[in-house]
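Chain by chain, the residues:
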Amino acid sequence: MQTMGMPYRKSTGIKGSFDAVVIGSGMGGLSVASLLAQNGRRVLVLEQHNVIGGLTQSYTRKGYRWTVGLHYIGDVGSPATTTWKLFDKVTGGGVRWAPLPDIYNRMVIGGRRYDIPAGAAPYAAALKGYFPKEAAAIDRYLGLVRSVSKASAGYFAQKALPQSRAEDVYDRMCGDFHEYSDRLTIDVLSELTADRELIAVICANWGDYSLEPTRSSFAMHCMLAKHYLNGGHYPVGGGAAFARSIVPIIESAGGVVLHSAEVAEIMVAQGRTTGVRLASGEEFACPLVISNAGVQNTFGRLLSAQVKTTSGLDHATSQVVESYAVVGVNIGFNRPASELGFDGANIWAHPSNDFEANLEAHRRDFEAPFPWTFATFPSAKDPAWDDDYPGKATVEMYGYTDFSHFEKWSATQWMKRGEDYLALKEKIRERLLEELFRHVPAARSALDYVEVSTPLSYETFVKRERGGFMGIESSPQRFRQSWLRATTPIDGLYLSGQDVSTDGVIGALVGGVLAGSAVLGRDLMRDIRTPIEPVSA
């Protein structure tokens, strides 16, 4: 397995001095490290896994390649968009984007298929075609998507400010946003329409933002809907393209990116960060530490109990909840995507339009249908695939599950979980494959390789508490936690990643920009959106 950076070796330790240590090499960690490097800072990135990239990493097995947690990105179809500019900045222009087909999502509700096209007007027309009596409700809904998303700007801008300054402007900058972030998605949509099928179609990809409509913040729903309004794109070369582009930027400024370098503790003395202690026992001194490990890990595992108490962080993590868990399969086929019916569109499938009933049935009984499944087709989305892997195709597929079904094995070691666990993985394999072949039956005859993951995989390799697939839940309560910001009560300790912003890869990227802004003391988001043109002589 190839990766960027270098392996950490206890025998040689970490050499040199650095301006900042970044814990974790996911998008939040790599993006803030890149921005600091582009501003002359020497950054040390420490990744506990043996591959750089977090959930954007790609890996190869048996002649196939899969990307772990990046499947499509919205709002990068034009260099004029903020999202495109952010990615372009942190990667140094090193990532190319391939558009998904015009029909980029297929929502399947109880066997009924709804094709979702790219573009605001085509999307509105498609919904009205499926639900002609709901045209007025659809127009009102899309109006809210735009206005609520626009209201989020102030909310995110204040997250880069020091806590004392943010308190002075918090209500003014967040008031319009909180008007809708305080409300549940289902409550707002139910005021627009009584059609449960329409609501199900609109919310069918709620897995993209971590929480079902009866519990999610409507503002989060709107931001996600706006993000994908013009369709989706995929990075050419898969998720590994990010590490390939960003790591050299960090290294060119004198930084170092190390994998297999687990941080066990963030060291603090007299209210100031003094460095990190690795699981190897090595202590590395640095007055500035940026954690991309998530708030649960950072405050719950990496700080000592005494530091948490003196910093007033004892109860912070109890105010937020880790997001859902998944089971998954990465699948290899020995024929090209074009022969198997893979056209690049994602498939979100639900047993019925009663999402709550679906969830409750599966929580009670693992054998009940998965509340949703998501199938995505990287080999059909990546224009470089056929050159790199001729005659082959891949699928990445996930099913929502509840961690309680896996809790009995949570204290066991990877590869030593027992025969009953292996038997459960085999059942997961068969169930997800059957669901996939229901949508793309031609693929059955080309099946070549299958690898199964469970919530315990995410506990082991990403250090996610209870196997959380994303960050923390996007509930109304989450958006009222004013302490969820780049700065912390501990001098020299900053947070990056999706917990600072919103769930998902773009949320992690924005979290990195906010962390960089806080460290450098200037609004990097504004700088990236409207770069200053050089004055000609």
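You'll find the structure just up there.
An account of the accompanying structure is given in this report. (Residues numbered from 1 in each chain as written. Predicted model: local features only at pLDDT ≥ 70, side-chain atom pairs only at ≥ 80, totals over all residues. Heavy atoms only, no water.)

1. Points about the packing of helix α2 (residues 82-91) against helix α10 (residues 240-252)
If you want to describe how two helices pack, look at the angle between their axes and the distance between the axes. The test is simple: Here an angle of 0 to 180 degrees is reported between the N-to-C directions of two axes, which are lines fitted to C-alpha atoms, with helices fitted over the stretch in contact. Numbered from the N terminus, helices here are DSSP runs of H or I no shorter than four residues, and strands are runs of E no shorter than two. Angle categories are assigned with fixed cut-offs, so that under 35 degrees is roughly parallel, over 145 is roughly antiparallel, 65 to 115 is roughly perpendicular, and the rest are oblique. What makes two residues a contact is simply this: any of their non-hydrogen atoms within 4.5 Å. All amino acids are sorted into three groups, where Ala, Val, Leu, Ile, Met, Phe, Trp, Tyr, Cys and Pro are nonpolar, Asp, Glu, Lys and Arg are charged, and the leftover types, Gly among them, are polar.
Taken N-terminus to C-terminus, the directions of α2 and α10 make an angle of 55°; their axes are 8 Å apart at the nearest point. Considered as vectors, α2 and α10 are oriented oblique to each other. Contact with α2, carried on its side by F87, V90 and T91, involves F242, S245, I246 and I249 of α10 and no other residues of that element. Partitioned by chemical class, the residues of the contact of α2 with α10 number 5 nonpolar, 2 polar and no charged.

2. So, the side chain of Q296
To be explicit about the condition: Here a polar contact is taken to be a pair of N or O atoms separated by no more than 3.5 Å, where protein atoms must pair a possible hydrogen donor with a possible acceptor and residues adjacent in sequence count only if both atoms sit in side chains.
One can find Q296 in helix α11 (residues 295-300). Engagement of the side chain of Q296 in a polar contact is seen with the backbone oxygen of T317, the distance being 3.4 Å. Here the side chain of Q296 touches V320 through a polar contact of 3.3 Å, landing on its backbone oxygen. With residues near it in sequence (within four places) discarded, Q296 still touches R301, T317, V320, V321, E322 and E465.

3. Some details on the sheet that holds strand β15 (residues 289-291)
The following threshold applies: DSSP calls a pair of strands paired once it identifies at least 2 bridges connecting them.
An order of β1-β11-β3-β2-β15-β21 is seen for the 6 strands of this open sheet, with the pairing classed as parallel. A single partner strand is all that each edge strand has here, and the edge strands are β1 (6-7) and β21 (493-495).

4. A look at the sheet that holds strand β17 (residues 346-350)
The strand order across the open sheet built from 7 strands is β9-β8-β17-β18-β19-β16-β20, with neighbouring strands paired in mixed fashion. The two strands at the open ends of the sheet, each matched to only one other strand, are β9 (112-117) and β20 (447-453). For this sheet the average axis-to-axis angle between neighbouring strands, irrespective of direction, equals 15°. Most of the contacts of helix α13 (residues 355-364) go to strand β19 (residues 393-401), to which it runs at about 85°, and overall it touches β17 and β19.

5. Let's talk about the environment of G467
Where we set the bar: Using a 1.4 Å probe on the protein chains alone, a residue whose accessible area is under 20% of its type maximum counts as buried, one over 50% counts as exposed, and one in between counts as partly exposed.
For G467, the location among the structural elements is in the loop between α17 (455-462) and β21. Exposure remark for G467: the relative accessible area of 0% places this residue in the buried category. For the pair G467 and Y324, spaced 143 residues apart in the sequence, the C-alpha separation amounts to 7.8 Å. Contacts of G467, omitting those with residues within four sequence positions, involve Y324, A325, F403, P455, Y458 and E459.

6. Looking at helix α4 (residues 135-150)
Worth spelling out the cut-off: Multiplying one less than the number of residues by 1.5 Å gives the expected span of a helix. The arc in question is traced by the directions running from the helix axis to the C-beta atoms.
Here α4 contains 16 residues, and its C-alpha end-to-end distance of 23 Å stays within 8% of the 22 Å for a straight helix at 1.5 Å per residue. Those residues of α4 that sit buried are A137, I138, Y141, L142, L144, V145, V148 and S149. The arc enclosing the buried residues of α4, seen along the axis, measures out at 155°, which places them on a common side. On its buried face, α4 is in contact with α3 (120-130), α5 (152-157), α6 (163-181), α7 (185-192), α8 (196-202) and α9 (218-227).

The values reported here are purely geometric and, on their own, carry no functional implication.
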